[in-house]
Amino acid sequence: ADGASRLEPIASPLAGCKFVVQEEVFVVQGEVMVLGEDHPDVAQSLNNLAGLLSATGKLQEALPLQERALAIRETALGPDHCDTTISRMWLADTYQKEGQYDKALPIFIAALEANEKLFGEEHPTVVASINNVAVLYTDMGQYEKALPLRERRALDIRESCLGAEHPDTVISRMWLADSYQRRGAYEEALPIFRMAVESNIKSLGYAHPTVAASINNVAVLLSNMGRHDEAVTSSEECLEIASQHYNEEHPSYLNFEVCFPNLT
């Protein structure tokens, strides 16, 4: 009963939430009564509840649950256990969404270091952790720190382990091009974006929605470079492919179209 009463503050702000969230609260309370409040299964359920809250935009309510889940796992499993690292990344992600970048950064870096110990420096999980840090640096406007992570680490690892044409390698390539673009290094970004288009055509076929998105990246960059005629041509090519998959009211189609409201 003691453990359940300690969890009452979790339930109180959820009075008007959907049944599925309330159901997860009951799961947490039940596990605390049976297993004790410091059991790893409780940490998992706390993370599940936090995920539901995050999905409904309740980030402030999710944060203390994720902090608590991380504390449980660090004590029960150790700081470098894979489940502890997962908790660490979820917490950092929520801090990032909340705009609390200074809190998110050291947690993402700690998760990266733990994953390197667990899996080695060239594992896909490590690449995902590298990208987490790079995305956060980008959100912070620190493009000079994001760029080497995407260029010399994430992309190099994927090209070495997966090959130049693998879809995950192409994604890393597009992230790198995006970093160049955000720095205003358009000439460096353009060939990388075009290479991503070619790779996606090879692996997916010309008329695939992912190819349309890749072409759209090129169109946006060309527009930023002031090469408007080429931007219009690329935009029209993108919309032609998109029209084979979406009607003109579909959000994905509109997302491409609004890039060039005055050009198309």
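Treat the numbers as computed from the prediction; the structure is a model and nothing was measured.

Asker: Please explain the overall build of the protein as it appears in this structure.
Answerer: The helix and strand inventory of the protein stands at 14 helices and zero strands. The N-to-C order of helical and strand elements in the protein reads α-α-α-α-α-α-α-α-α-α-α-α-α-α. Looking at the protein as a whole, 41% of its 264 residues are labelled buried. Across the protein, every contact between residues at least 6 apart in sequence was considered, and the portion connecting residues at least 24 apart equals 54%. As displayed, the protein has an accessible area near 13100 Å², and 52% of this comes from carbon and sulfur atoms.

Asker: I keep staring at the pattern of salt bridges and nothing clicks. Help me out?
Answerer: Pairing between side chains becomes possible if they bear opposite charge and their charged atoms approach one another. This model, assessed by the stated rule, comprises nine salt bridges. The closest approach of N and O atoms between arginine 88 and glutamate 74, which form a salt bridge, is 3.3 Å. A residue pair is termed long-range when its members are at least 10 positions apart, and arginine 88 in helix α6 (residues 82-97) and glutamate 74 in helix α5 (residues 59-77) qualify at 14 residues. Arginine 173 serves as the salt-bridge partner of glutamate 159, at 3.2 Å between the closest nitrogen and oxygen. With glutamate 159 in helix α9 (residues 143-162) and arginine 173 in helix α10 (residues 167-182), the pair connects residues that are 14 residues apart, well separated along the chain. On the basis of relative accessible area, glutamate 159 is assigned to the partly exposed category, the value being 33%. Under the relative-accessibility criterion, arginine 173 is labelled buried at 3%. Counted as one network, the salt bridges with shared partners bring together Arg150, Asp178 and Arg182.

Asker: Mind showing me how you'd approach helix α11 (residues 186-204) here?
Answerer: Each full turn of the α-helix corresponds to 3.6 residues, which orients residues three or four apart in the same direction. Under the 1.5 Å per step criterion, the end-to-end length of α11 is 26 Å for 19 residues, consistent within 8% with the ideal 27 Å. Buried within α11 we find Ala189, Leu190, Ile192, Phe193, Ala196, Val197, Ser199 and Asn200.

Asker: In this structure, what is going on with helix α13 (residues 228-242)? I would like to understand it.
Answerer: Between its first and last C-alpha atoms α13 spans 20 Å; for 15 residues at 1.5 Å apiece the expected length is 21 Å, and the two agree. Residues of α13 that are buried include every one of Ala231, Val232, Ser234, Ser235, Cys238, Leu239, Ile241 and Ala242, and no others.

Asker: Can you help me understand the nonpolar core in this one?
Answerer: Grouped burial of nonpolar side chains is what soluble globular proteins tend to show. The biggest cluster of nonpolar side chains holds 28 residues, and the ones touching the most others in it are Tyr180 and Phe193. When contributions to this core are tallied by element, the ones reaching two or more residues are α9, α10, α11, α12 (209-224), α13 and α14 (251-257). If sequence neighbours within four positions are ignored, tyrosine 180 has contacts with Leu147, Glu151, Ala185, Glu188, Ala189 and Ile192. By size, the runner-up hydrophobic cluster in this structure holds 21 residues, among which are Ile107, Phe108, Val126 and Ile130.

Asker: How do you make sense of the packing of helix α7 (residues 101-119) against helix α8 (residues 124-139) when you look at a structure like this?
Answerer: Helix packing geometry: the angle between the two helix axes and the distance between the axes. One way to put it is that α7 packs onto α8 with a least axis distance of 9 Å and a crossing angle of 165°. Judged on the interaxial angle alone, α8 and α7 are roughly antiparallel. You can see that α7 and α8 cross each other, and the crossing is left-handed. Contacts from Tyr101, Ala104, Leu105, Phe108, Ile109, Ala111, Leu112, Asn115, Glu116 and Phe119 in α7 reach Thr125, Val126, Ser129, Ile130, Asn132, Val133, Leu136, Tyr137 and Asp139 in α8. Its residues assigned to classes, the contact of α7 with α8 shows 13 nonpolar, four polar and two charged.

Asker: What should I look at first to understand the confidence of the model for the protein in this one?
Answerer: Fine structural detail should not be taken from predicted coordinates in areas where pLDDT scores are low. On average, residues of the protein score 83 in pLDDT, and 83% of them reach the 70 mark or higher. Low pLDDT, under 50, characterises residues 1-17; the stretch is placed with 26 contacts to residues that sit more than four places away or in other chains.

Asker: I keep staring at the side chain of glutamine 66 and nothing clicks. Help me out?
Answerer: Mapped onto the fold, glutamine 66 is located in helix α5. The class of glutamine 66 is buried, set by a relative accessible area of 2%.

Asker: Got a minute to help me understand the environment of histidine 245 in this structure?
Answerer: Along the chain, histidine 245 turns up in the loop between α13 and α14. Here histidine 245 falls in the partly exposed class, since its relative accessible area comes to 39%. Histidine 245 sits 38 residues away from alanine 207 along the chain, and the two C-alpha atoms are 8.9 Å apart. Apart from residues lying up to four places away in sequence, histidine 245 is in contact with Ala207, His208 and Pro209.

Asker: What should I look at first to understand the environment of alanine 43 in this one?
Answerer: Mapped onto the elements of the fold, alanine 43 is located in helix α4 (residues 40-55). On the basis of relative accessible area, alanine 43 is assigned to the buried category, the value being 0%. Considering only alpha carbons, one finds alanine 43 and threonine 84, 41 residues apart in sequence, at a separation of 9.6 Å. Once residues lying within four places of it in the same chain are set aside, the contact partners of alanine 43 are Ala69, Ile72 and Arg73.

Calculation notes
- Residues numbered from 1 in each chain as written.
- Predicted model: local features only at pLDDT ≥ 70, side-chain atom pairs only at ≥ 80, totals over all residues.
- Heavy atoms only, no water.
- Helix = DSSP H or I, 4+ residues; strand = E, 2+ residues; numbered from the N terminus.
- Buried < 20%, exposed > 50% of the residue type's maximum accessible area, 1.4 Å probe, protein only.
- Contact = heavy atoms within 4.5 Å.
- Areas by Shrake-Rupley, 256 points an atom, 1.4 Å probe, with all protein chains shown as cover.
- Salt bridge = Lys/Arg side-chain N within 4 Å of Asp/Glu carboxyl O.
- Expected span 1.5 Å × (residues − 1).
- Core = buried A, V, L, I, M, F, W, Y, C linked by side-chain atoms within 4.5 Å.
- Axes fitted to C-alpha atoms, helices over the stretch in contact; angles between N-to-C directions.
- Parallel < 35°, antiparallel > 145°, perpendicular 65-115°, else oblique.
- Left-handed = near helix turned anticlockwise from the far one by under 90°.
- Nonpolar A, V, L, I, M, F, W, Y, C, P; charged D, E, K, R; others polar.
- pLDDT = per-residue confidence, 0-100.

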